[in-house]
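What follows is the residue order along each chain.
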Amino acid sequence: MTLRPTYATTPFLINKMNLFSIAFLLGICSLFVFRQVPHLILLGSLTLISFLLFLKFKQSLKFKYIFLILFALFAGCGWVMLHAHDQINHQLPKSLEGKTIEITGQVDSLPQQTEYGTKFLFKTTLVNHEKKHDLFQLNGYQRDPMISPKPGEIWNLTVRLKRIHGFANPGSFDWEKWAFQKGIFGQGYIVNGRFIRSQWSDNLLLKFRYYLFKKIQKTLVNSNLNQKAVSSFLYALLIGDRNLITQDQWDILQKTSTNHLISIAGLHMGILAGFLFFLTSFLWRSIYPRLCLWIPSQQAAAFFSLIGVFFYAALAGFSLPTQRALVMLSVILSAVMFKRQIGLWYGICFALLIVLILHPLSILSESFWMSFGCVAILIYALSNRMHQKNVWKHWIQTPVVISIGLMPLSLWFFGEISFIGILANFLAVPYFTFVIMPLCFLIFLGLILYQPLAQLGCWLAVQGFGLLWLILKFLAGLPFGTWHYVLPNIWFLGFAVIAVLLWFAPRKFLVRCLGLVFLLPVFIWTPKTPKTGEVWFTMLDVGQGLATMVRTKNHTLIYDTGPKFNATFDAGSAVLIPFLRHENIKIIDTIVISHGDSDHIGGLDSVLKNIKVGKIVTSFPQLLKEPHTFRCYAGQNWVWDGVHFEVLWPPQNQVYQGNNSSCVLRVTTGIHDILLTGDIEKPAEGNISLGRIYATRASKSPISTILAAPHHGSRTSSSWPFIQMIHPKYVLFSTGYRNRFQFPSIVVIRRYQKVGASMYNTPNTGAITFKLGRKGTKLELYRKENEHIWNKV
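1. Regarding the packing of helix α5 (residues 204–222) against helix α17 (residues 451–476)
The interhelical angle for the contact between α5 and α17, taken along N-to-C directions, is 75 degrees, at an axis separation of 9 Å. Classified by the angle their axes make, α5 and α17 are roughly perpendicular. Between α5, through Lys215, Thr219, Leu220 and Asn222, and α17, the contact on the second element is made entirely by Gln451, Ala454, Gln455, Cys458 and Val462. Of the residues contributing to the contact of α5 with α17, the split by class is 4 nonpolar, 4 polar and 1 charged.

See below:
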């Protein structure tokens, strides 16, 4: 018995659904526009009024769509603002930051092992003995091995917390936005703890995932596979745990545009659904054919496929990508079960509406736009051109369409596109479909039913991964495989999207040529640079450390590279490289490393690995093995594009003295001064070089000085004679949010206040940029320029 698909006979309803979903999405996107939550009662009133007007004029061909769009816009805006308001109200109060408090709740995630201990999410029921349901990210340090909470367990913990606060720089990952979308309200570390209970009924799903985690771990150890680098991918594909994947592995996946293969989402769940559909349909017809008289095989196959993908999504912890894929597949499989064939656009719009209702804040995630964009471009480019005779042709076209179709979004979100991604996906997607994913299903069956089967599956999967990984590493290492380019604003994104849509339009040569015309602004546009005699200076937000950039018309200098936080995370890879790519800088002419403290040199290796550097100047060249490394000493000077650079400290023959050997660099245009001081302290501040330059300044035309405060504003620096001598107009502090040193010192702040200096601190302002020209000074504070609802300081 075959199903006779019945198409919807009311295209008006389909159009209305599509229109409402798109308008609802636009209303949700108001989250990007507002800097604070608007009045919710006003939004509710506008939504109600527009709905009533739609009901009144729904028979009017002229007004019904207008009021439908208005209703969807206000409804989307009100819905997302309601959730944003709730998120803001749950943020950790500033009065509790840094204080020791007591919380009771449940471990709500799989543990993530770090070099310092264990990191996990903790959902509270009590905060300081008051009922409060919040979600915090906690670190359990190795100093107390007795405190090792496991998923699903109930604990009473003594903790110290602070609000979510990330780096704020052009090009950097917005951790505050990520945490806002995830519903994480604070972070901190455990001081002490007491185990309360662990019942089987407490978060049963999370405990089952942890059980599988341990089983996979044991299986890999027994098979001597736990040391294999690619074994970490098995955790990602079986239970959605990507914490074991290293940063180097992510870099290779990003360069080859294959990172989507390691995140359980539409591809993986689609493979499972297809496998279960055909298997169930075959068994339903073969084992007992009379079953088809009661329930057609296609309906039974759709039912069991839906159960299978639901279970797989549960194993992945119902992450947002799996929820989106589950909703889309539910729409498709439900249409089969109820003998309805819906339009593809209707299906994706209905899925979009459901996802936005369930998780309106998911629009803050890049994966939301990439996943829906992927499905949309496939429907647009291939839906009306698929023919049975051309199956292999369209199999080849699919990765090409995805790679080209997602290029605008890749440029917008990641600032790069992979030219080798088409080839990598052409090889990797079929390999995943027919080799890796079936082996993963075999491993799962073995973990549940028969352990030797799981060991065999793990061995085969690791060997299969190893072969694929060799190919991906080779492709990632090819020169010119990745193009870094940042779209300057949303208008350029719009041009790129239109160009893609025209390129995949029905085959008309003139239409495709028009698509190329829309690409011209993307390729013709060149970012602004300083003019001759001008200088742009940026102090980046790198936490407790220092990283700055000085830029002239044709040259770039980096002064210090920020801290190194752990073996896989430093300011070079997290802040400096993304910033340089955002600014379209391909070469660094000179890097000055003021001295050897880790909060100044920590990001150097990552910078050298990712961008071409002319030379390194530092006060301790003997400790660096890099070629073209030179010692800095007082008297060195050079001119770039009409801007003068001069090293003022240390003396040429001085023995290295740590902070007091910091390279002090003066940059001047004749009208403006920038003084970069590293971590010098009082002995160096009184040196004669500074006195000679700045003591005679009063007799000349006024010079506005920008001073990077010595030693982050420590008491040991910024002495009163030094401040009087420099008399800065602007003082910049580069410190960590709520740093343990309490920099900048209140004493130092009062000293600078006495000379009327304007002070800026990177945790409060984000990256600080001065554009110094002949016509004046332009100051840009990144947090102020990019203020959103989720990143209020």
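2. Some remarks on unusual backbone geometry
The omega angle of the peptide bond from tryptophan 649 to proline 650 is 10 degrees, so this bond is cis rather than trans. You can see proline 650 is positioned in the loop between β19 (643–649) and β20 (664–668). Each neighbour pair has its own omega, and for phenylalanine 743 with proline 744 the value is -10 degrees, a cis peptide bond. Position of proline 744 among the secondary structure elements: in the loop between β23 (730–733) and α26 (746–754).

3. What to know about the confidence of the model for the protein
Looking at the protein, the pLDDT average stands at 87 and 93% of residues meet or exceed 70. Low pLDDT, under 50, characterises residues 1–14; the stretch is placed with 16 contacts to residues that sit more than four places away or in other chains. Low pLDDT (under 50) marks residues 698–702, which in the prediction has 1 contact with non-local residues, meaning those over four places away or in another chain.

4. Describing helix α18 (residues 490–503)
With 14 residues, α18 extends 20 Å between its outermost C-alpha atoms, agreeing within 8% with the 20 Å of an ideal straight helix rising 1.5 Å per residue. The opening residue of α18 is asparagine 489, an N-cap whose side-chain oxygen sits 3.0 Å from the backbone nitrogen of tryptophan 491.

5. Considerations on a positive patch on the surface
On the surface, Lys528, Lys531, Arg774 and Lys775 cluster together into a positively charged patch. On the secondary structure map, lysine 775 appears in the loop between β25 (768–773) and β26 (776–781). Judged by relative accessible area, lysine 775 falls into the exposed class, the value being 90%.

Reading the values: rules and limits
- Residues numbered from 1 in each chain as written.
- Predicted model: local features only at pLDDT ≥ 70, side-chain atom pairs only at ≥ 80, totals over all residues.
- Heavy atoms only, no water.
- Axes fitted to C-alpha atoms, helices over the stretch in contact; angles between N-to-C directions.
- Helix = DSSP H or I, 4+ residues; strand = E, 2+ residues; numbered from the N terminus.
- Parallel < 35°, antiparallel > 145°, perpendicular 65-115°, else oblique.
- Contact = heavy atoms within 4.5 Å.
- Nonpolar A, V, L, I, M, F, W, Y, C, P; charged D, E, K, R; others polar.
- pLDDT = per-residue confidence, 0-100.
- Expected span 1.5 Å × (residues − 1).
- Polar contact = N/O pair within 3.5 Å; in protein donor to acceptor, adjacent residues only side chain to side chain.
- Patch = residues over 30% accessible without salt bridge, like charges linked within 9 Å, V, L, I, M, F, W, Y side chains within 5 Å.
- Areas by Shrake-Rupley, 256 points an atom, 1.4 Å probe, with all protein chains shown as cover.
- Salt bridge = Lys/Arg side-chain N within 4 Å of Asp/Glu carboxyl O.
- Lys, Arg positive; Asp, Glu negative; His and termini not counted.
- Charge placed at Lys NZ, Arg CZ, Asp CG, Glu CD.
- Buried < 20%, exposed > 50% of the residue type's maximum accessible area, 1.4 Å probe, protein only.

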